[in-house]
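The lines below spell out each chain.
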Amino acid sequence: MEPEIAYPFLGMLAKRIIPCLDVKDGRTVKGVNFVDLRDAGDPVELAWQYSRQGADELVFLDITATHERRKTTVELVKAVARQINIPFTIGGGINELEDADVLLHAGADKISINSAAVRNPALIDQMAQAFGIQFVVVAVDTRHVDGRNYVHLNGGRLKTDMETEDWIREAESRGAGEILLTSMDHDGTKNGFDCDFLQQINATLSIPLIASGGAGNKQHFVDVFQRSNVDAALAASVFHYGEIRIPELKEELRQQGIEVR
Amino acid sequence: MTGIVNYGAGNIFSLTAALTRLGIAYGMVNNAAELGAYDRIIIPGVGHAGAAMRKLRESGLADSIASITKPVLGICVGMQLLTSYSEEGDSELLGIVPLQTLHFERRVTLKVPHMGWNKVYHQNNSPIFDNIEKDTYFYFVHSYFIEYNDTFTSAYTGYGLKFSAAMQDRNFYGVQFHPEKSGEAGEKLLLNFSKLY
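Presented here is an overview of the structure given in this document. Bear in mind the structure is a predicted one, so any value in this text is a computation, not a measurement.

We now examine the overall build of chain A. A tally of helices and strands in chain A yields 10 helices and 11 strands. Relative to its length of 261 residues, chain A is compact, with a C-alpha radius of gyration of 18 Å against a globular reference of 18 Å. Taken along its principal axes, the extent of the C-alpha atoms in chain A is 55 × 50 × 45 Å. Looking at chain A residue by residue over its 261 residues, the buried ones come to 56%. Sequence separation of 24 or more characterises 65% of the internal contacts of chain A that already satisfy a separation of 6 or more.

Counting 79 residues, the largest nonpolar core has A:Leu58, A:Phe60, A:Ile113, A:Val138, A:Ile179, A:Phe221 and A:Phe239 as the members making the most contacts within it. The biggest single contributor to this core is helix α2 (residues 69-83) of chain A, with five residues. Core analysis: the second largest hydrophobic core is formed by 67 residues, B:Leu61, B:Leu82, B:Leu94 and B:Leu190 among them.

Attention now moves to helix α8 (residues 218-228) of chain A. All names here are of chain A. All of the buried residues in α8 are His220, Phe221, Val222, Val224, Phe225 and Ser228. Residues of α8 that are buried make contact with β1 (16-24), α7 (195-204), β10 (209-212), β11 (232-235), α9 (237-240) and α10 (246-255). One side-chain oxygen of the residue at the start of α8 lies 3.1 Å from the amide nitrogen of Gln219, identifying that residue as Asn217.

This part takes up the pairing of strand β5 (residues 83-86) of chain B. All names here are of chain B. Pairing of β5 with strand β7 (residues 97-103) involves three bridges; the strand directions are parallel. Its bridge partner being in β7, Ser86 is matched across the sheet by Thr101. Bridging between β5 and strand β6 (residues 91-92) involves two bridges; their strand directions are antiparallel. Opposite Ser86, over in β6, you have Ser91 as the bridge partner.

Helix packing for two helices is described by the angle between their axes and how far apart those axes are. All names here are of chain A. One can describe the packing of helix α5 (residues 122-131) onto helix α6 (residues 164-174) by two numbers: an axis separation of 8 Å at closest approach and a directional angle of 30°. With respect to α6, the element α5 is oriented roughly parallel. Of the two possible hands of crossing, α5 and α6 adopt the one that is right-handed. For the pair α5 and α6, contact is made by Ala122, Ile124, Asp125 and Ala128 and by Trp167, Ala171 and Arg174, respectively. Among the residues forming the contact of α5 with α6, the class breakdown is five nonpolar, no polar and two charged.

Moving on, we come to the pairing of strand β3 (residues 40-43) of chain B. Residue and element names in this part refer to chain B. The alternating pattern of β3 places Arg40 and Ile42 and Ile41 and Ile43 on opposite faces, both of which are buried. Bridge analysis of strand β1 (residues 2-5) against β3 gives three bridges, and the strand direction is parallel. Considered in β3, the bridge of Gly3 is made with Ile41. One ladder, built from three bridges, connects β3 with strand β4 (residues 72-75); its direction is parallel. Bridge pairing in β4 links Ile41 to Val72.

Calculation criteria
- Residues numbered from 1 in each chain as written.
- Chains lettered and ligands numbered in written order.
- Predicted model: local features only at pLDDT ≥ 70, side-chain atom pairs only at ≥ 80, totals over all residues.
- Heavy atoms only, no water.
- Helix = DSSP H or I, 4+ residues; strand = E, 2+ residues; numbered from the N terminus.
- Rg over C-alpha atoms; globule rule 2.2 N^0.38 Å.
- Buried < 20%, exposed > 50% of the residue type's maximum accessible area, 1.4 Å probe, protein only.
- Contact = heavy atoms within 4.5 Å.
- Core = buried A, V, L, I, M, F, W, Y, C linked by side-chain atoms within 4.5 Å.
- Polar contact = N/O pair within 3.5 Å; in protein donor to acceptor, adjacent residues only side chain to side chain.
- Pairing = 2+ DSSP bridges.
- Axes fitted to C-alpha atoms, helices over the stretch in contact; angles between N-to-C directions.
- Parallel < 35°, antiparallel > 145°, perpendicular 65-115°, else oblique.
- Left-handed = near helix turned anticlockwise from the far one by under 90°.
- Nonpolar A, V, L, I, M, F, W, Y, C, P; charged D, E, K, R; others polar.

On their own, these measurements won't tell you what the molecule is for.
In structure tokens form, the structure reads like this:
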């Protein structure tokens, strides 16, 4: 018997604000400008500050390149999971199922895979089956070339032949639980997110979409939520350098009628 | 002391880390005989409800849970296990709370999983929500939900439809969200549960 259900009840799923921390050899890489930090290079202390400020989630991008990488990443994830009471994603150098498995058991809520998934798309299926789709974030770096959008690798330097929209659709059908889409044309410009393209992608997607690349001021976050209706927006330097403070950003979003926590 | 049912359904590092931070003593329950050693029991769980139910049966704990008279808290899939049935894998569950676990995808046009912070409205004076505001955000990640019920729903949330964010039936409690990932409100809820006898 079909149970009785109270329709419609829209609820208040909040738009998420996600600071991204680059980590190398267990230390945050980009400079930070927080007055109240004892150790600006300690990712755990920085993460704790962000969680106190009202960040909804955190992303750690581990760019450690040494052969000790897996060990230092696991130590980082464990330290974060011990101290932080909000969800976090770890990305960088995850190439096989075993990498993801150790991170899950170290306390990561999600892992993000980028070039490894492009090179071996079946990895998405394997990870979704092994750990559930909610664990698998597929990060996509996109760049505009001759009127089309192409997936890029190696931090946007290496163009592939794959059109971004096709790849995202494939990633979703293989079991991605979420897409983190970085516009390399906008990244670092502080001129705002690529709202038009994000809107175009979001309209076809039935899993959450995180917008990344281009955040420079609070209005850019208002714009990306109003114009593309993405589920979350990610930024790094504007938060790290204190150019945007999360409580003030949330207040601005709230005043513009956007649901935030 | 709080016992965590250890039946291999997902990672519990974040949960034990939260309990440690909060100074809540805990131990692992590996079999039915160990249930008696604890004042209250947490059933964690992520992933597939049908698979979790199979693991719980294999652990030999499934038949003992219904007869526990101490407080029991199911988290996420651990909450769903307490219901009678899940559409996930067409699975018969413990049937301790007479509710069903249903799929969002067949009923709403919103994105699935329901992932992120959503407002939780508690009702019916469930003690795990003591000193928590009526409309507090908690962190959710799930594709299946437990139907709303006036009697057993102790907190509700909306995602295209109204569903049970938390439930209570006698000494059996469940929360669909992850208190260990829900900031200070989640920590308060875990502390509230740790004071129940």
